[in-house]
Amino acid sequence: MPVMLPTVLRNLFGGPATRMYPVQVREPFAGARGQIEFNDDKCILCGNCEKRCPAAAIEINKDKNELVFYPARCIVCFVCAEACNKEAIIEVDKWRTPYYTKPVEVHTAKAKKDKAKENKVE
Amino acid sequence: MAPRTVAPFGPQHPVLPEPIQLKITYENEKVVDVVPALGYGHRGIEKACELNEYPKNIHLVERICGICSCIHGISYCETVERLWPLEVPPRAKYLRVIYSEMSRLHSHLLWLGLLCDALGFESMFMQFWRIREKVLDILEATSGHRVTQSISVVGGVRRDIDAEQEKTCIKVLQEVKKEAESLINVLASDPTVKARTVGKGVLTKEQAILLGINGPHLRASGVKEDSRMLGAQAYSELGFEPIVETAGDCYARALVRAREALQSIELQLEAFSKMPEGEIFERPKGRPPANEVTYRAEQPRGECFYYAKGNGTQHLERFRVRTPTFANIPSLLVMLPGCELADVPVIVLSIDPCISCTER
Amino acid sequence: MIENLKEITKDTLLQEVQKFADAKARFVTTVCSDLGDKLEVTYYFNYSPGVDMSAMRMVVDKNEEVPSISGIYLAAVLVENEMFEQYGLKVKGMAIDFGGLMLLAKDSPVLPMVKDKAAGGKGGE
């Protein structure tokens, strides 16, 4: 075993390679794919994200002025964020925490609504 | 004649990360017959690839397998690009090589760890996985994810490696190289490891070719064949030379993979030094035309064969993946009969089985 | 475009494959695809060590029997079983016959890769 001696000695005097996870959490790398968030103020319901999403995690109801997002289907590929022209989808580097029931997020697109209102006033 | 016993090896077994069953018939301690039973991980990805639109398939083929994920994604894009055919910007070619080699490095380190685990060399298993973690960290820092990198799109790559990240990558790779060299030195010279692997599961060159095996498994039997020799992406500019061993036993396969891991660090460092500046993505014009192409890529586990047939729409008419383990499993039917029962785990592991790749 | 493609029929299949085996070529794989009323089967070979592939293509009716090449190349046994259960290509005399249960189970969709069949399963989540 003399060949392994340097490794053995290094491990004997070096610290552990792991960290106390729930207490100590490593900061995510910049640009890590964690989750997506929606900026309702900017969304105009153009449907680019719905068309490109490979996991069918985004549904758009134009008549209800709503964007429905299913986080449990999302594979965090960020294709939607790249496709969005209005920067309404925000790339977040923190992971989503586990959940007991599959959440469903309903977003009301405000940018679209305001425009509709303005049209009415005119 | 001694009584014969049939024992199931798998689907759940400590050396198998994924489910496959081998029905092993043995007589005293000698294996006499093997019948594989597959189908625990079949998901119908080939059919799904025909139903989906072609850009969405990238994320689907990346999920064929966890470890080979990155190269599956890159090769799918290479295959679909050949339908036009489409030229990728030079920097994107180099980035694809870097990501392929990085995933080969972490896959080989994983396998070397698993081999030590199968031999009962627990502490070495931990050491290999510890340095593998550094490779996964640079993958996450550059591409955004540890496992499913999703780095490639039809027409280029999605993310660039900037100067600062490049510096970190080179620093980490040199550390990994130093540590991996010392660990591989221990593994290759250890008498217990040699006693368990030398002369086990021998395949001669002629048998290897007739069985159609590929990858490190084939190169350990003395055949100089590697799909990277085709020179796709930037391999033609990197002076790549395949690694060959001649013994054809489990020890030779371990040495091929160990030396390939070190070679892949060299390839990455060379690719970083030669990488040109410029664009990384060019938008493809129109839809994939009606044409059919084949493409072969070198996965960590061997040669992976892709076939795509376009029909001028957003959908592919047919997409086929023949993964390396699919071709390597029949070699078990030749290697296992005649060996000791205690050697079965090591021989099965020596083909580096990846079952979810096999069944797609 | 597929390089070195040769059209054959099912009667000459075994002779042609034997030529490859005599020349010490490595069997790569077969690709089956559905042409509507016919099946198209392509066999790929590679001369080791080398980089160029050769291919042989035959078009057969859906209820025609095809001889198995697993007597010459044992490696073909898995892919022939796969073609049998995914496309219904009737391969005669396979070295190991899984009986249509290699990848699929008893309650799986029947012949899932045939074009007019639905994929089965619930989809989505």
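Residues numbered from 1 in each chain as written. Chains lettered and ligands numbered in written order. Predicted model: local features only at pLDDT ≥ 70, side-chain atom pairs only at ≥ 80, totals over all residues.

**Description of the overall build of chain A**
Argument step 1. If you tally the helices and strands in chain A, you get 4 helices and 5 strands.
Argument step 2. In sequence order, chain A lays out its α and β elements as α-β-α-β-β-α-β-β-α.
Argument step 3. The C-alpha atoms of chain A give 22 Å as radius of gyration, which overshoots the globular expectation for 122 residues (14 Å, by more than 25%).
Argument step 4. If one aligns the C-alpha atoms of chain A with their principal axes, the spans along those axes are about 85 × 30 × 25 Å.
Argument step 5. Within chain A, the fraction of its 122 residues that count as buried is 17%.
Argument step 6. When contacts within chain A are restricted to residue pairs at least 6 apart in sequence, those whose partners lie at least 24 apart make up 74%. (Helix = DSSP H or I, 4+ residues; strand = E, 2+ residues; numbered from the N terminus. Rg over C-alpha atoms; globule rule 2.2 N^0.38 Å. Buried ≥ 20, exposed ≤ 12 C-beta atoms within 10 Å, placed from the backbone. Contact = placed C-beta atoms within 7 Å.)

**Remarks on the pairing of strand β3 (residues 30-37) of chain B**
Residue and element names in this part refer to chain B.
Argument step 1. Here strand β2 (residues 21-27) runs beside β3; their pairing, made up of 7 bridges, is antiparallel. Note on β3: the bridge partner recorded for Thr25 is Asp33.
Argument step 2. Hairpin connection of β2 to β3: 2 residues between the antiparallel strands, including Asn28 at a positive phi of 50°. (Pairing = 2+ DSSP bridges.)

**Details of the interface of chain C and chain B**
Argument step 1. At the interface, 27 residues of chain C touch 32 residues of chain B.
Argument step 2. Put simply, the parts of the chain that give the side of chain C that touches chain B at least two residues each are β2 (25-34) and α2 (76-87) of chain C.
Argument step 3. Here the side of chain C that touches chain B takes 6 residues from β2 of chain C, the largest share from any one element.
Argument step 4. Of the residues that constitute the side of chain C that touches chain B, the class distribution is 22 nonpolar, 3 polar and 2 charged. (Nonpolar A, V, L, I, M, F, W, Y, C, P; charged D, E, K, R; others polar.)

**Comments concerning the pairing of strand β4 (residues 53-61) of chain C**
All names here are of chain C.
Argument step 1. In this structure, strand β1 (residues 5-7) lies alongside β4, joined through 3 bridges in parallel fashion. Within β4, the residue paired with Lys6 across the bridge is Met56.
Argument step 2. Sheet topology places strand β3 (residues 38-47) next to β4; 9 bridges connect them, and they run antiparallel. Considered in β4, the bridge of Leu39 is made with Val60.

**Examining the packing of helix α4 (residues 90-119) of chain B against helix α5 (residues 122-143) of chain B**
All names here are of chain B.
Argument step 1. Interhelical geometry of α4 versus α5 gives an angle of 160° and a closest axis separation of 8 Å. Considering the angle they form, α4 stands roughly antiparallel to α5. For the pair α4 and α5, the sense of crossing is left-handed. Residues Tyr99, Met102, Leu105, His106, Leu109, Leu110, Leu112, Gly113, Cys116 and Asp117 of α4 form the contact with α5, whose own contacting residues are Glu122, Met124, Phe125, Phe128, Trp129, Ile131, Arg132, Val135, Leu136, Leu139 and Ser143.
Argument step 2. In terms of residue class, the contact of α4 with α5 is built from 15 nonpolar, 3 polar and 3 charged. (Axes fitted to C-alpha atoms, helices over the stretch in contact; angles between N-to-C directions. Parallel < 35°, antiparallel > 145°, perpendicular 65-115°, else oblique. Left-handed = near helix turned anticlockwise from the far one by under 90°.)

**Some thoughts on the sheet that holds β2 of chain B**
Paired through their backbone hydrogen bonds, the strands of a sheet run either parallel or antiparallel.
Residues and elements named next belong to chain B.
Argument step 1. Here we have 3 strands laid out as an open sheet, ordered β1-β2-β3, and antiparallel in their pairing. Strands with a single pairing partner mark the edges of an open sheet, and in this sheet they are β1 (4-9) and β3. Each adjacent strand pair in this sheet contributes to an overall mean axis angle of 20°, direction not counted.
Argument step 2. Bridge analysis of β1 against β2 gives 6 bridges, and the strand direction is antiparallel. Bridge pairing in β2 links Pro8 to Lys23.

**A few points about the nonpolar core**
Argument step 1. Leu95, Leu109, Leu112, Leu115, Leu187 and Ala308 of chain B are the most contacted members of the largest nonpolar core, which totals 139 residues.
Argument step 2. It is α4 of chain B that provides the largest number of residues to this core, a total of 15 residues.
Argument step 3. Sequence-distant contacts of Leu109 of chain B, defined by excluding residues within four places in its chain, comprise Phe128, Ile131, Arg132, Val135, Ala180 and Ala261 of chain B.
Argument step 4. Counting 18 residues, the second largest nonpolar core, distinct from the first, contains Cys43, Cys49, Cys53 and Phe69 of chain A. (Core = buried A, V, L, I, M, F, W, Y, C linked by C-beta atoms within 7 Å.)

**Some words on unusual backbone geometry**
Peptide bonds are trans in most cases, and residues, glycine excluded, mostly fall at negative phi.
Argument step 1. Look at the link from Trp84 of chain B to Pro85 of chain B: it is a cis peptide, with omega at -10°.
Argument step 2. On the secondary structure map, Pro85 of chain B appears in the loop between α3 (69-81) and α4.
Argument step 3. Even without glycine at this site, Ala56 of chain A takes up a positive phi of about 55°.
Argument step 4. By the secondary structure assignment, Ala56 of chain A is in the loop between α2 (48-52) and β2 (58-61).
Argument step 5. A tally of 14 C-beta atoms within 10 Å means that Ala56 of chain A is categorised as partly exposed.
Argument step 6. With a phi close to 55°, Glu87 of chain A is a non-glycine residue in the positive phi region.
Argument step 7. Mapped onto the elements of the fold, Glu87 of chain A is located in the loop between α3 (79-83) and β4 (89-92).
Argument step 8. A count of 10 C-beta atoms within 10 Å places Glu87 of chain A in the exposed class.

**Structural notes on helix α6 (residues 163-189) of chain B**
Argument step 1. Taking 1.5 Å per residue, 27 residues should reach 39 Å; α6 of chain B reaches 39 Å between its end C-alpha atoms and fits that length.
Argument step 2. For α6 of chain B, the full list of buried residues reads Cys169, Leu173, Val176, Ala180, Leu183, Ile184, Val186 and Leu187 of chain B.
Argument step 3. Taken together, the buried residues of α6 of chain B touch α1 (5-13) of chain A together with α4, α5, α7 (191-197) and α10 (250-274) of chain B. (Expected span 1.5 Å × (residues − 1).)

**Considering the confidence of the model for chain B**
Argument step 1. Per-residue confidence for chain B averages 87 on the pLDDT scale, and 100% of its residues sit at or above 70.
Argument step 2. Overall fold confidence for the complex sits at a pTM of 0.87, while the interface term, ipTM, reaches 0.83. (pLDDT = per-residue confidence, 0-100.)

**Remarks on the packing of α4 of chain B against α10 of chain B**
All names here are of chain B.
Argument step 1. Between α4 and α10, the least distance of the axes is 9 Å, while the angle of their chain directions is 155°. With respect to α10, the axis of α4 lies roughly antiparallel. As α4 runs across α10, the sense of the crossing is left-handed. Between α4 and α10, the residues in contact are Tyr94, Val97, Ile98, Glu101, Met102, Arg104, Leu105, His108, Leu109, Trp111, Leu112 and Leu115 and Ala254, Arg257, Ala258, Glu260, Ala261, Ser264, Ile265, Leu267, Gln268, Ala271 and Phe272, respectively.

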